[in-house]
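Fold and geometry: a report
Chain by chain, the residues run as shown.
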Amino acid sequence: MTAPRTGTLTAEQVEAIQKRTIRVLVGAQIFSGAGLAAGITVGALLAQDMLGSTGLAGVPSALFTFGSAAAAAGVGHLSQRFGRRTGLAAGYTIGAVGSVGIVVAAVADNVALLFLALFVYGAGTATNLQARYAGADLAHIDHRARAISTVLVATTVGAVIGPNLVGVLGDLAEKIDVPRLAGPFLLAVVAYGAAGVVIWILLRPDPLQVAADIFDPQGDAENDAAAATGGKPSWNGAVLAGAAVMMVTQLVMVAIMTMTPVYMRHHDHDLAAAGLVISIHVAAMYLPSPISGYLVDRYGSAAIAGLAAITLIAAGMLASLAPAQSVPALAIALALLGFGWSLGLIAGTTTITNATPVATRAKTQGTVDLFIAVSGAAGGLLSGVVVAVASYPTLAVLGAVVAATLVPILLLPRYLN
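About the criteria used
Residues numbered from 1 in each chain as written. Predicted model: local features only at pLDDT ≥ 70, side-chain atom pairs only at ≥ 80, totals over all residues. Heavy atoms only, no water. Phe/Tyr/Trp six-rings, centres within 6.5 Å; stacked < 30°, edge-to-face > 60°. Helix = DSSP H or I, 4+ residues; strand = E, 2+ residues; numbered from the N terminus. Buried < 20%, exposed > 50% of the residue type's maximum accessible area, 1.4 Å probe, protein only. Lys NZ or Arg CZ within 6 Å of the ring centre and 35° of its normal. Patch = residues over 30% accessible without salt bridge, like charges linked within 9 Å, V, L, I, M, F, W, Y side chains within 5 Å. Areas by Shrake-Rupley, 256 points an atom, 1.4 Å probe, with all protein chains shown as cover. Salt bridge = Lys/Arg side-chain N within 4 Å of Asp/Glu carboxyl O. Axes fitted to C-alpha atoms, helices over the stretch in contact; angles between N-to-C directions. Left-handed = near helix turned anticlockwise from the far one by under 90°. Contact = heavy atoms within 4.5 Å. Nonpolar A, V, L, I, M, F, W, Y, C, P; charged D, E, K, R; others polar. Polar contact = N/O pair within 3.5 Å; in protein donor to acceptor, adjacent residues only side chain to side chain. Core = buried A, V, L, I, M, F, W, Y, C linked by side-chain atoms within 4.5 Å. Parallel < 35°, antiparallel > 145°, perpendicular 65-115°, else oblique.

**Some thoughts on the packing of aromatic side chains**
Tallied over the entire structure, the rule returns six aromatic pairs. For the pair Trp235 and Phe371, a centre-to-centre distance of 6.2 Å together with 65° between the ring planes defines the contact as edge-to-face. Of this pair, Trp235 sits in the loop between helix H9 (217-228) and helix H10 (237-266) while Phe371 sits in helix H15 (residues 358-389), placing them 136 residues apart in sequence. For Phe371, a relative accessible area of 39% gives the class partly exposed. Taking the centre distance of 4.2 Å and the plane angle of 15° together, the rings of Tyr263 and Tyr392 count as stacked. Linking Tyr263 in helix H10 with Tyr392 in helix H16 (residues 392-403), this pair joins segments that are 129 residues apart in sequence. Accessibility expressed as a relative area gives 2% for Tyr392, which makes it buried. The ring of Trp200 carries the charged tip of Arg85 above its face, separated from the ring centre by 3.6 Å. Note that Arg132 overlies the ring of Tyr133, its terminal NZ or CZ placed 4.1 Å from the centroid.

As structure tokens, this is what we get:
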């Protein structure tokens, strides 16, 4: 795509809308980050307690990731038809409903309800990630990665605070006769609900709807052609390459992350220690996002996807070699895991956004995120089985091996632009 035209809007007005959009998204992401952290920190532990099985400890991650997959497609389709505001607000609201269901299931000790609620809870995770696309709708093509990274970095505040409140929320839960491990999901109810309210009230004008009116004649021709196909998702080499990068990084990250708290608990670490390691991991996923965005804008998606592969391989190897009693070593491994994910996500997101016309952009992005979520679900589901059959170090080594599969994708630099 070439430089945008603004139609009835001046360039200054478009820039002002973009700045407002980013501010609103940042506010919502601060809230949603706290909701996201609940499932990451104690989801596996809650399931382990209710099911009495380590082999099934990866089920929560798989369930809310499958829920995230379904919600990603739904949020994408809603956003394409009604705008980002409607899609994102709906996704956060559904995530809040799922959080309520998890708390109720824990109180009732109802495993079936827990599984259903975890699936619904996944909508919050999907929406948290879909928000990054909204940050790029009106961004200049040379600064899209940085716009995406700004939205992602805002998640850090809530996502880091959330895991470190595990102990406090557990105490609060026990005082109101709720199982201790369900405490963080009480926070998720409020957090996802607040994010939905912020988006619904303040995300005006809608960035995707504004973007539909600001592309040059070439862009208009692309949009007309897309509309003629019924607005079906766009699939081309760039979209496939970007999706592949994000799918691999998601699978590796979720698999190792999911089983780390379980591994630590088996070696007599308390919840506070597990929460600290996960908070460091989540911080590394989001806090360095501006660095990842700058690198992608400066050096291109292919080079940074390669850096993501190297970082994930290092994370897997360090996690496999880290002494079980060493919280610092596990924290460093999980930090590398988070940073590798950040590099891969922003590289892939930028590639896909640059490669899709507005008429199919949100649908395509939602469908891509569906596949990313399925990859994460596979990682979460298989991680418990691998640890039960073999060990956590074996899982970490396998993660490094999977990360190495990014190398063939990097041989397609004409797609990863």
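**A look at a nonpolar patch on the surface**
A cluster of nonpolar side chains, Phe66, Phe119, Val374, Leu381 and Leu382, forms an exposed patch at the surface whose accessible area comes to about 400 Å². Here the nonpolar patch takes three residues from H15, the largest share from any one element. In this fold, Val374 is placed in helix H15.

**Section: the pattern of salt bridges**
Applying the stated criterion to the full structure yields eight salt bridges. Put simply, Glu15 and Lys19 hold a salt bridge, and the shortest N to O gap is 3.6 Å. Of this pair, Glu15 and Lys19 both sit in helix H1 (residues 11-51), four residues apart, which is roughly one turn of the helix. Judged by relative accessible area, which is 47%, Lys19 ranks as partly exposed. One salt bridge connects Glu174 with Arg180, and the closest N-O pair in it is separated by 3.2 Å. Its relative accessible area of 44% is what places Glu174 among the partly exposed residues. Salt bridges linked by common partners bring Arg84, Asp137 and Arg361 together as one network.

**Some remarks on the packing of helix H4 (residues 111-136) against H15**
For any two helices packed against each other, one specifies the inter-axial angle together with the distance between the axes. It is the contact of H4 with H15, at a shortest axis distance of 11 Å, that shows an interaxial angle of 145°. The two elements H4 and H15 meet at a crossing, and its hand is right-handed. Of the residues in H15, those in contact with Leu129, Gln130, Arg132 and Tyr133 of H4 are Gln365, Gly366, Val368, Asp369 and Ile372. Its residues assigned to classes, the contact of H4 with H15 comprises four nonpolar, three polar and two charged.

**Re the side chain of Thr351**
Summarising the element assignment, Thr351 is placed in helix H14 (residues 327-354). Relative accessible area serves as the criterion here: at 0%, Thr351 is assigned to the buried category. A polar contact of 3.1 Å, which involves the side chain of Thr351, links it to the side chain of Ser301. At 3.0 Å, the side chain of Thr351 and the backbone oxygen of Ala347 are in polar contact.

**Points about the nonpolar core**
Formed by 97 residues in total, the largest nonpolar core has its most connected members in Leu46, Leu88, Ile102, Ile199, Leu337, Val368 and Tyr392. Residues contacting Ile102, with those up to four places away along its chain left out, are Leu46, Leu114, Ala117, Leu118, Tyr121 and Phe185. Counting residues in hydrophobic clusters, the runner-up holds nine residues, among them Leu138, Ala211, Ile214 and Val358.

**Side note on the packing of H10 against H14**
At their nearest, the axes of H10 and H14 sit 8 Å apart, and the two run at 160° to each other. Comparing their axes, H14 and H10 come out roughly antiparallel. For the crossing formed where H10 meets H14, the hand is left-handed.

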